[in-house]
Amino acid sequence: MRKIIASLFLLGCLSVNAQDLSYYLPAQVRYNPSVPKPKDIIYHEVGEWHVTHDRLVNYMQALAKAVPSRVKQETMGFTYESRPQVLLVITAPKNHARLEEIREQHVQLTDPARSASLNTAGMPVVVWLGHSIHGNEPSGANASLLTAYHLAAAEGKEIEELLENTVILLDPSFNPDGLQRFSTWANQHKSKNLVSDPLSREYNEVWPGGRFNHYWFDLNRDWLPAVHPESQNRLRWFHRWKPNILNDHHEQGSNASFFFQPGVPSRVNPLTPEKNQELTGKLASYHARYLDKIGSLYFTKENYDDFYYGKGSTYPDVNGAIGILYEQGSSRGHLQETTNGLLSFPFTIRNQFVTALSTLEGALAMRRDFLDYQRDFYKQAAARAAAYPVKGYVFGDKNDREKTRQFVTMLQRHQIEVNGLPDNWKDAEFEKGSAYMVSLNQPQHSLIRGIFDKVLEFRDSIFYDITSWTMPLAFGLPYRELNQLPASGEKTGEIPRTVKAVSGGKSDYAYLLEWTELLAPAALNEMLQEGLLVKVATSGFEAAVNGGPGKFSPGTLLVPVALQKESSAAVFERVSRIADKYGINAYAVNGGMSLKGVDLGSSRFVTVARPSVAMITGPGVNALDAGEVWHLLDQRMNIKATHLEPVVFNRAELNRYNTLIMVGGNYSELNRDKLKAWVQAGGTLVLTEEAVSWAAQNGITDVKIKRAKAPVDSSSRLPYAAREQKDGAQQIFGAIFGAETDLTHPLAFGYTRNTVSLFKANRVFMEKSKNPYGTPFYYGSNPLQSGWVSRENADAIKNSAAVLVSVLGSGRVISIADNPNLRAFWLGGSKLFMNALFFGRLIDAASARTEE
């Protein structure tokens with residue numbers, strides 16, 4: 001590697017517009033001429049154009065075919081848009097000959113029962129080189145062409161030593177769909193004479209941009225929840241290999257230089273061992289040396305942190321590995337003017353390539369340090385478990401088995417052992433068969449705590465991402481810490497979706513379906529789509545089902561057989577098939593008189609209309625929030641939703657929609673008078689986050705927004721250097737608050753507990769309605785459950801409304817101050833949002849109307 005560093009110095013003296021391989025590659029390294037260069041396969045020089053994902057894959061396949069003794073290509077899986085996620089396994093020929101043996105031995109380092117006897121002296125270190133999880137941060141993926149070529153074609157003693165002692169997992173594109181979208185944009189706007197004006201269209205993508213995956217999600221927040229196929233596929237291979245180092249190559253603002261970790265010391269997650277940061281710091285010296293040689297500026301220990309374990313550079317930290325974030329100032333296109341001068345695409349690619357090489361040199365030099373650290377991390381899990389007063393957790397919702405199933409599946413993706421309850425379990429809140437236990441005395445001790453812990457104490461008040469993500473709260477699951485762990489039941493394997501048959505069989509009178517299950521809205525939508533008439537109970541009642549009394553809560557669905565257009569046999573077939581498909585409890589009833597409460601023919605059973613949904617999307621709208629709604633409706637609930645951009649909304653006939661959704665964002669281009677008239681005519685408008693403030697400011701609602709007190713008196717004087725910390729602390733980066741709930745309200749149908757955990761990452765503080773029935777969800781005097789919030793913001797949240805209902809003409813406006821659908825794993829808020837879509841129009845106007 002010393003020759004490589006020396007030759008890299010020459011590269012720093014070349015023009016930033018150089019694009020052939022000599023600009024990037026170490027000058028003193030020989031390359032095998034039989035190995036195809038990138039241009040041979042992608043038809044342009046690296047950095048001349050933005051490589052498209054299909055050509056990137058073609059090149060990786062070509063290398064695997066050309067040098068099978070060094071390079072093996074694996075397909076981890078496929079994205080939503082059916083693009084392959086490829087992984088190159090690169091190592092020396094003799095290692096490939098016994099690759100599975102090496103992998104199995106390496107994984108034993110993470111098993112305390114088997115790791116003690118392993119000798120790491122001759123064991124290869126495993127390095128995962130990951131690129132461009134944000135599709136419009138393309139220098140990483142384009143640099144992967146160079147790294148792959150160098151590792152496949154370089155010749156000589158140094159490369160042989162490297163490959164003999166490392167197994168390199170090269171992931172050229174974390175986000176294939178986003179990369180394809182952005183590369184198309186950048187290439188189609190490139191001029192022969194490169195335009196460097198930052199105002200040019202090349203540097204200003206249309207909404208939603210290439211950062212996100214198909215559903216507009218930030219995949220660099222999905223390592224922990226693993227909602228999306230890209231993350232699920234990657235995690236399988238991460239745990240198949242258990243890498244020691246994972247590189248995560250990103251881009252930042254164009255006027256920045258280059259960042260590599262360690263990040264801000266006070267923002268390291270306290271579950272991350274100090275040794276992790278020590279090794280990160282030692283590895284940083286290699287990056288500094290390589291970048292110094294080519295004259296590239298860089299910084300560390302600023303801006304970025306290691307707190308949220310759902311990011312690519314932090315997830316390894318809680319898995320016995322070292323995650324390294326690299327952030328290159330972005331050219332965004334091909335050549336952009338910045339405060340540092342002209343920034344070319346090739347220059348950004350070169351910095352990413354150089355730090356991939358520096359990572360590999362550091363990995364080789366510190367090989368045993370990384371291997372021994374990994375073994376020690378897992379060996380010490382038992383001691384950490386013994387020292388921690390909580391010994392495990394019990395969780396599960398007997399009223400929502402699907403949500404419980406998805407939570408268990410999420411845990412198992414992270415190699416966490418889940419057990420059933422023992423036969424002698426006696427706690428009525430958690431029932432055997434619908435609840436599970438997780439012991440903290442297992443190798444993934446730290447990650448389990450990272451999933452279950454509530455956090456209220458922090459060393460800092462500014463964060464790069466969210467400050468809490470307590471997963472059982474997010475899923476809306478009852479759970480409890482166990483200070484003594486009883487004997488557990490059998491280890492839980494994959495839990496299939498619950499198969500449901502109609503209790504009582506075929507009925508000629510009616511069927512009742514419970515609304516508590518996660519996918520009940522999908523079942524309701526499908527019944528309505530298939531033409532069934534469905535009513536919803538707005539009061540609780542008891543009915544004779546399957547030979548005995550059954551208690552049914554508000555929100556229970558009623559399918560009266562005689563009111564359908566089909567025979568009783570056809571109705572039974574539809575109800576039983578749909579209930580089974582979505583795991584919904586369904587019951588046959590043979591008469592309309594209830595044992596207690598309203599009868600089935602009461603006006604308290606209201607006919608449900610199928611929502612015809614449109615969502616405002618496009619410029620100004622928060623693409624993440626919109627994507628979460630799109631994913632919820634499309635992937636989970638099988639509900640179609642039209643995406644209307646403001647310019648289309650302003651000219652469209654809206655009578656085909658009865659429900660409109662507006663998420664966080666700026667709606668300055670939207671015709672507010674047209675929107676107001678649509679609501680007045682009977683539409684249901686569902687607002688979240690900043691859309692709530694916009695609607696209030698534009699006369700759509702009478703919602704009153706509270707303002708938090710200023711943290712500093714205007715007459716006081718503070719040091720200029722204190723401004724960033726003082727002002728930054730007033731941002732709400734994301735914390736969890738418990739909302740008190742009126743379980744009889746249509747927006748709360750399906751909930752069974754009085755407190756619902758909601759996620760807040762904004763400063764939308766709504767005053768409670770003057771109508772005593774108009775605030776179905778509100779924050780009490782001490783709502784914070786987990787996360788950081790300033791004193792001023794905490795005071796504003798106290799006794800504020802979480803959800804309000806307003807009346808406008810014949811329509812309803814439902815204002816949800818926070819995000820009930822965060823990152824598609826906040827399943828505890830899904831019922832609230834779906835209730836707004838299905839039952840919002842059923843809310844009695846008198847319960848929401850206010851008189852000034």
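Definitions and limits used
Sequence positions are assigned chain by chain, starting from 1 and proceeding in written order. Where totals are concerned, whole chains, interfaces and linings use all residues; where local detail is concerned, this predicted model gives features only for residues with pLDDT of at least 70, and gives and counts side-chain atom pairs only at 80 or more. Think of the side-chain values as coming from all heavy atoms in the structure, minus any hydrogens and water. What counts as a helix is a DSSP run of H or I of at least four residues, what counts as a strand is a run of E of at least two, and both are numbered from the N terminus. Here, Shrake-Rupley sampling with a 1.4 Å probe gives the accessible areas, and only protein chains in the shown set may cover a residue. Counting rule applied: Lys, Arg positive; Asp, Glu negative; His and chain ends not counted. Each charge is placed at NZ for Lys, CZ for Arg, CG for Asp and CD for Glu. Two strands are counted as paired when DSSP detects at least two bridges linking them. Here an axis means a line fitted to C-alpha atoms, over the contact stretch when the element is a helix, while the angle between two N-to-C directions is reported on a 0 to 180 degree scale. It only takes one pair of heavy atoms within 4.5 Å for two residues to be counted as in contact. Per-residue confidence from the predictor is reported as pLDDT, which spans 0 to 100. Relative accessibility thresholds used throughout: buried, under 20% of the residue-type maximum; exposed, over 50%; partly exposed, between the two (1.4 Å probe, protein chains only). In this scheme, roughly parallel covers angles under 35 degrees and roughly antiparallel covers those over 145, while 65 to 115 is roughly perpendicular and the rest are oblique. Crossing handedness is defined as follows: a turn of the near helix away from the far one that is anticlockwise and smaller than a right angle gives a left-handed crossing, while the clockwise case is right-handed. When residue character is reported, Ala, Val, Leu, Ile, Met, Phe, Trp, Tyr, Cys and Pro are called nonpolar, Asp, Glu, Lys and Arg charged, and the others, Gly included, polar. The arc in question is the one spanned by the directions pointing from the helix axis to the C-beta atoms. Counted as salt bridges are all cases of a side-chain nitrogen of Lys or Arg within 4 Å of a carboxyl oxygen of Asp or Glu. We define a polar contact as two N or O atoms separated by no more than 3.5 Å, with the added condition that, inside protein, one atom must be a possible hydrogen donor and the other a possible acceptor, whereas residues neighbouring each other in sequence contribute only through side-chain atom pairs. By convention, a stacked pair of Phe, Tyr or Trp rings (six-membered ring in the case of Trp) has centres within 6.5 Å and planes under 30 degrees apart, an edge-to-face pair has planes over 60 apart, and any other such pair is tilted.

Remarks on the overall build of the chain
Regarding its fold elements, the chain presents 26 helices and 34 strands. Counting only C-alpha atoms and orienting by the principal axes, one finds that the chain spans roughly 90 × 60 × 60 Å. By element, 48% of the accessible surface of the chain is carried by carbon and sulfur atoms, the whole surface being about 32,000 Å². In the chain, 90 side chains carry a positive charge and 87 a negative one; their mean positions are 1 Å apart.

What about the sheet that holds strand E7 (residues 245-252)?
Pairing in this open sheet of seven strands is mixed, and the strands run E2-E3-E6-E4-E7-E9-E8 from one edge to the other. The sheet terminates laterally at strand E2 (71-78) and strand E8 (258-260), the two strands that pair on one side only. On average, each strand axis in the sheet is inclined to that of its neighbour by 20°, with strand direction left out of account. Inspection of the sheet shows E7 paired to strand E9 (residues 322-329) by eight bridges, in the parallel sense. Within E9, the residue paired with His250 across the bridge is Glu327. Strand contacts of helix H3 (residues 53-66): E2, strand E3 (84-90) and strand E6 (166-171), with the helix running at about 30° to E3, the strand carrying the most contacts.

With respect to the confidence of the model for the chain
Residues with a pLDDT of 70 or more make up 97% of the chain, whose mean pLDDT is 95. Scored below 50 in pLDDT, residues 8-15 shows 17 contacts in the model against residues more than four places distant or in partner chains.

Quick look at helix H18 (residues 520-529)
An α-helix turns once per 3.6 residues; consequently, residues spaced three or four apart project the same way. Most of H18 sits out of view: nine of its ten residues are buried. Among the residues of H18, those classed as buried are Ala520, Pro521, Ala522, Ala523, Leu524, Asn525, Glu526, Met527 and Leu528. Structurally, H18 contributes buried residues whose contacts are with strand E16 (510-513), strand E20 (557-560), helix H19 (568-582), helix H20 (623-636) and helix H26 (830-839). Downstream of H18 by one or two residues, Gly531 has phi in the positive range, about 90°.

What about the packing of helix H7 (residues 139-153) against helix H12 (residues 345-365)?
For any two helices packed against each other, the geometry comes down to the angle between their axes and how far apart the axes lie. Taken N-terminus to C-terminus, the directions of H7 and H12 make an angle of 50°; their axes are 8 Å apart at the nearest point. It follows from the interaxial angle that H7 and H12 lie oblique. As H7 packs across H12, the resulting crossing turns out to be right-handed. On H12, the residues that touch Ser139, Gly140, Asn142, Ala143, Leu146, Thr147, His150 and Leu151 of H7 are Phe345, Thr348, Ile349, Gln352, Phe353, Ala356, Leu357 and Leu360. Here the contact of H7 with H12 is composed, by residue class, of nine nonpolar, seven polar and no charged.

A look at helix H5 (residues 99-107)
Within H5, burial applies to Leu99, Ile102, Arg103, His106 and Val107. Take H5 and look down its axis: the buried residues cluster within an arc of 125°, on one side only.

Here's the deal with the side chain of Asp397
Topologically, Asp397 is positioned in the loop between strand E12 (392-395) and helix H15 (401-413). No salt bridge is formed by the buried Asp397; the nearest opposite charge belongs to Lys403, separated by 4.5 Å. Within the structure, Asp397 has its side chain in polar contact with the backbone nitrogen of Asn399 (distance 2.9 Å).

A short note on the environment of Asn419
Looking at the secondary structure, you find Asn419 in strand E13 (residues 419-420). Taking C-alpha positions, Asn419 is 9.2 Å from Ala435, a pair spaced 16 residues apart along the chain. Excluding residues that lie within four positions of it along the chain, Asn419 makes contacts with Tyr436, Met437, Ser488, Gly489, Glu490, Lys491 and Thr492. A distance of 3.2 Å separates a polar side-chain atom of Asn419 from the backbone oxygen of Gly489.

Considerations on the environment of Gly420
Mapped onto the elements of the fold, Gly420 is located in strand E13. Since its relative accessible area comes to 14%, Gly420 is described here as buried. Along the primary structure Gly420 and Gly433 are separated by 13 residues, whereas in three dimensions their C-alpha atoms are 7.2 Å apart.

Comments concerning the pattern of salt bridges
Pairing is possible between side chains of opposite charge, provided their charged atoms come close. Considering all chains together, one arrives at 39 salt bridges under this definition. Of the charged contacts, one joins Arg240 and Glu100 as a salt bridge, the two residues approaching to 3.5 Å between their closest N and O atoms. Here Arg240, found in helix H10 (residues 229-241), pairs with Glu100, found in helix H5; they are 140 residues apart in sequence, far enough to count as distant. Owing to a relative accessible area of 35%, Glu100 belongs among the partly exposed residues under this scheme. For Glu792, the salt bridge goes to Arg791, with nearest N and O atoms at 3.4 Å. Overall, the relative accessible area of 12% leaves Glu792 in the buried class. According to the relative accessible area criterion, Arg791 is exposed, its value standing at 62%. Salt bridges here are not isolated pairs; linked through shared partners, they connect Glu526, Glu530, Glu566, Glu573, Arg574, Arg577 and Lys581.

Describing the sheet that holds strand E23 (residues 605-607)
Sheet strands pair by backbone hydrogen bonding; their relative direction is either parallel or antiparallel. Strand order across the open sheet formed by five strands is E21-E16-E20-E17-E23, with antiparallel pairing between neighbours. Sheet topology places strand E21 (586-589) and E23 at the edges, where each strand pairs with a single neighbour. Direction aside, neighbouring strands of the sheet carry axes that sit 30° apart on average. In this structure, E16 lies alongside E20, joined through four bridges in antiparallel fashion. Paired with Leu512 across the two strands is Leu558, which belongs to E20.

Examining the packing of aromatic side chains
Taken as a whole and judged by the stated rule, the model has 45 aromatic pairs. Residues Tyr31 and Tyr149 carry aromatic rings whose centres are separated by 5.2 Å and whose planes lie at 20° to one another, so their mutual orientation is stacked. Within this pair, whereas Tyr31 is found in strand E1 (residues 30-31), its partner Tyr149 is found in helix H7, the two being separated by 118 residues in sequence. Residue Tyr31 is classed as buried on the basis of its relative accessible area, which comes to 18%. Summarising the aromatic geometry, the rings of Phe238 and Tyr315 are spaced 5.4 Å apart at their centres and angled 65° between planes, so their arrangement reads as edge-to-face.

Remarks on the pairing of E2
As defined by bridge partners, E2 adjoins E3 across seven bridges and the pair is classed as antiparallel. Bridge pairing links Gly77 to Gln85 in E3. The loop that links E2 with its antiparallel partner E3 comprises five residues; one of these, Ser82, has a positive phi angle of about 60°.

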